Amino acid sequence: GLGLASYWRLIDHFHSPTAVLAASRKELLQVSGIRQQLVSQLLSPADKTGFGVRELEGLSAVGGSALSFEDPNYPPLLRQLIDPPPVLYILGRKELLQRPAVAVVGSRAATGYGRKAAFGLASRLSAAMLTVVSGLALGIDAEAHAGALSGGGGTIAVLGCGLDVVYPRQNHELSRKIAECGALVTEYPLGTRPEGFRFPARNRIIAGLSKGVVVVEAAKRSGSLITAQIALDCGREVFAVPGHIDSCKSEGTHWLLKQGAKLVQNVADILDELDV
């Protein structure tokens, strides 16, 4: 029953998950913003350790693993978020989480121009030994992952569901290739279904893992703009690919350029700015 805000309030107060679970009702109620109902859930006799053991066994069965915030291998850039994931579930190459990364994101209903740009940029970023991060959505995300795989480097797909759930189904084969040659990452336990509210939360992980975010195509109201804003809030670079002036799919990227995002014509524009 814990949301991220409540989780981090408790950790800030008690300093560790173990201390939270050992705290009394009186001690828990002293934490600002923690409601009585939540305290009752924390103090319930439910077998929390058993749940954790079963989750780890399930992860092992699918070839995955879990990385807690306290683990020294937790991605250092992700720690800088205001609300980092307490646990990351990973399937694939964990070492990619330690390497310099750039996010490439954009519209699900991408144009041919946008798809070509995303694939080409991701392929060249990958060839330059940068990990390409995206969200495994249709359109720009899928092209970014595919381009990164073709470039011979790594790619990380951040999911809005559990590792054992493929969404969207059209990307089943792509998801399999990423699990083999890159990494699938999520903050959600096994079996978690994709629901609308999970995707803005997923976007903060995409931004948090990356030194910069490249928006290839985005409408005026787009999740990619949320990712770009989170990146700015974290002090990361934001890049935008210009599109056709009459394309609604590029209204968001053109707005970003007006706000001061770095214009991208080729991969050198990204590499020079990030000094990698």
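Here, every reference points to the structure presented above.
Presented here is a report on the structure given in the accompanying data block.

Rules used throughout
Residues numbered from 1 in each chain as written. Predicted model: local features only at pLDDT ≥ 70, side-chain atom pairs only at ≥ 80, totals over all residues. Heavy atoms only, no water. Helix = DSSP H or I, 4+ residues; strand = E, 2+ residues; numbered from the N terminus. Rg over C-alpha atoms; globule rule 2.2 N^0.38 Å. Buried < 20%, exposed > 50% of the residue type's maximum accessible area, 1.4 Å probe, protein only. Contact = heavy atoms within 4.5 Å. Areas by Shrake-Rupley, 256 points an atom, 1.4 Å probe, with all protein chains shown as cover. Lys, Arg positive; Asp, Glu negative; His and termini not counted. Charge placed at Lys NZ, Arg CZ, Asp CG, Glu CD. Pairing = 2+ DSSP bridges. Axes fitted to C-alpha atoms, helices over the stretch in contact; angles between N-to-C directions. Phe/Tyr/Trp six-rings, centres within 6.5 Å; stacked < 30°, edge-to-face > 60°.

Section: the overall build of the chain
Helix and strand content of the chain: 12 helices and nine strands. For the chain, whose C-alpha radius of gyration is 19 Å, the value lies close to the compact-globule estimate of 19 Å for 276 residues. Over its C-alpha atoms, taken along the principal directions, the chain stretches across nearly 60 × 40 × 30 Å. Counting across all 276 residues of the chain, residues that qualify as buried make up 49%. Taking contacts inside the chain between residues at least 6 apart in sequence as the whole, the part at least 24 apart equals 68%. When the accessible surface of the chain is split by element, carbon and sulfur atoms take 53% of a total near 13200 Å². For the chain, the distance from the average position of its 28 positive side-chain charges to the average position of its 25 negative side-chain charges is 4 Å.

Quick look at the sheet that holds strand E2 (residues 87–92)
As a general point, the strands of a sheet are linked pairwise by backbone hydrogen bonds and lie either parallel or antiparallel. Sheet architecture is open: nine strands sit in the order E1-E2-E6-E5-E4-E3-E7-E8-E9, paired in mixed fashion. Two strands close off the open sheet at either side, each with one partner strand: strand E1 (65–68) and strand E9 (262–263). Lying on the sheet, helix H11 (residues 251–258) is in contact with strand E7 (212–215), strand E8 (237–240) and E9; it crosses E8 at an angle near 130°. Taken strand by strand, helix H12 (residues 267–274) contacts strand E3 (101–105), E7, E8 and E9, and its axis lies near 170° from that of E8.

Some words on the packing of aromatic side chains
Under the defined criterion, the tally for this structure stands at four aromatic pairs. Both rings, one in Tyr-7 and one in Trp-8, keep their centres 5.0 Å apart while their planes meet at 90°; by these two values the pair is edge-to-face. There is no split in this pair, since Tyr-7 and Trp-8 are both buried. Ring centres of Tyr-167 and Phe-199 lie 5.8 Å apart, and the angle between their planes is 40°; on these two criteria the pair is classed as tilted. Of this pair, Tyr-167 sits in the loop between strand E5 (155–158) and helix H8 (172–181) while Phe-199 sits in helix H9 (residues 198–208), and the two are 32 residues apart along the sequence.

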